[in-house]
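Observations on the model geometry
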Amino acid sequence: MKPNTIISESPRPIWQIPIAALFFSIATLIILFALYNIEFNEKGFIKFIYGIEPSIYLVSIGIAFTLTKSIHIDIKNSRFRPTYNIGPIKFGSWQTIKNYQYVSVFHQPTIGGDYIFEVNLWYDTNKHFELYEEHDYQEAFLIGFDLSEQLNIDLLDATEPNNFKWVDKEAWKIKMNSGTTE
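Residues numbered from 1 in each chain as written. Predicted model: local features only at pLDDT ≥ 70, side-chain atom pairs only at ≥ 80, totals over all residues. Heavy atoms only, no water.

1. Concerning the nonpolar core
- By size, the foremost hydrophobic cluster in this structure holds 25 residues, and its most contacted members are Phe80, Leu121, Phe129 and Leu131.
- At the level of elements, strand E2 (67-74), strand E6 (100-109), strand E7 (115-123), strand E8 (127-134) and helix H3 (137-151) are the ones that each hand at least two residues to this core.
- When residues in this core are grouped by element, the largest group, six residues, is from H3.
- In this structure Leu131 touches Ile7, Ile71, Phe80, Val119, Asn120, Leu121 and Leu147, once residues within four positions along its chain are discounted.
- By size, the runner-up hydrophobic cluster in this structure holds five residues, among which are Phe106, Trp122, Leu156 and Ala158. (Core = buried A, V, L, I, M, F, W, Y, C linked by side-chain atoms within 4.5 Å. Buried < 20%, exposed > 50% of the residue type's maximum accessible area, 1.4 Å probe, protein only. Helix = DSSP H or I, 4+ residues; strand = E, 2+ residues; numbered from the N terminus. Contact = heavy atoms within 4.5 Å.)

2. Here we look at H3
- Across its 15 residues, H3 extends 21 Å between first and last C-alpha, which sits within 8% of the 21 Å expected from 1.5 Å per residue.
- The set of residues buried in H3 consists of Ala140, Phe141, Ile143, Gly144, Phe145, Leu147, Ser148, Gln150 and Leu151.
- Remark: Asn152 follows H3 within two positions and exhibits a positive phi of approximately 60 degrees. (Expected span 1.5 Å × (residues − 1).)

3. As for the sheet that holds strand E10 (residues 165-166)
- Here five strands make up an open sheet; going across it, the order is E8-E7-E6-E9-E10 and the pairing mixed. Looking at the sheet topology across the chains shown, the edges are occupied by E8 and E10.
- Here five bridges tie E6 to strand E9 (residues 154-158), and the two strands are oriented parallel to one another. Considered in E9, the bridge of Val105 is made with Asp157. (Pairing = 2+ DSSP bridges.)

4. What about the confidence of the model for the chain?
- For the chain, per-residue confidence averages 85 on the pLDDT scale, and residues scoring 70 or more make up 93% of the total.
- Mean pLDDT values for the elements of the chain range from 69 in strand E1 (residues 4-8) up to 93 in helix H1 (residues 16-36). (pLDDT = per-residue confidence, 0-100.)

5. What to know about unusual backbone geometry
- The backbone of Ser78 shows a phi angle near 55 degrees, a positive value even though the residue is not glycine.
- Within the secondary structure layout, Ser78 lies in the loop between E2 and strand E3 (79-86).
- Positive phi, close to 60 degrees, is recorded for Asn152, a residue that is not glycine.
- Looking at the element boundaries, Asn152 is found in the loop between H3 and E9.

6. Quick word on the packing of H3 against helix H4 (residues 169-178)
- H4 packs onto H3 with a crossing angle of 125 degrees between their chain directions and a minimal axis gap of 12 Å. Comparing their axes, H4 and H3 come out oblique. Here the hand of the crossing between H3 and H4 comes out left-handed. Within the contact between the two elements, H3 uses Phe141, Leu142, Phe145, Ser148 and Glu149 and H4 uses Lys169, Trp172, Lys173 and Met176.
- Residues of the contact of H3 with H4, tallied by class, amount to five nonpolar, one polar and three charged. (Axes fitted to C-alpha atoms, helices over the stretch in contact; angles between N-to-C directions. Parallel < 35°, antiparallel > 145°, perpendicular 65-115°, else oblique. Left-handed = near helix turned anticlockwise from the far one by under 90°. Nonpolar A, V, L, I, M, F, W, Y, C, P; charged D, E, K, R; others polar.)

The structure is reproduced here in structure tokens:
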């Protein structure tokens with residue numbers, strides 16, 4: 001059993017980094033220009049606020065080009081930490097979870113008619129912890145399978161509505177070792 005696991009979204013494409021840097025740089029220049037022209041009175045403060053308003057939008061766009069989500073799992077201490085990464089900056093706090101029950105993989109329809117497959121960890125009878133989202137069923141299933149193996153709990157395949165199935169993990173191990181997962 002691995003003591004620590006990280007489930008992470010795919011890294012952002014390399015072309016998005018310079019675009020995000022451009023938006024952050026322009027936002028910084030707007031803020032610096034507004035600070036340079038600040039007047040220390042009520043009218044000047046209002047002018048300053050309106051002056052930096054575009055930088056708020058630019059920073060939001062820059063964040064959209066760099067934001068990724070990761071789940072850090074400390075199995076030894078039964079802790080999970082969802083983190084949101086904006087470049088090298090990470091936000092998130094540890095949550096302790098006891099009484100693991102099972103891992104489920106299910107699908108959610110999207111607005112465009114596609115599906116997103118979600119991996120959840122269920123605990124304390126009816127609570128769940130959202131671990132991962134993926135457009136590819138096989139990748140989501142393999143992450144759910146790996147986590148269920150590490151925690152030594154069951155895996156539920158809930159990808160077909162009203163036809164949930166407990167996965168025979170031993171049979172899946174044989175399939176994965178032979179190279180077929182269908």
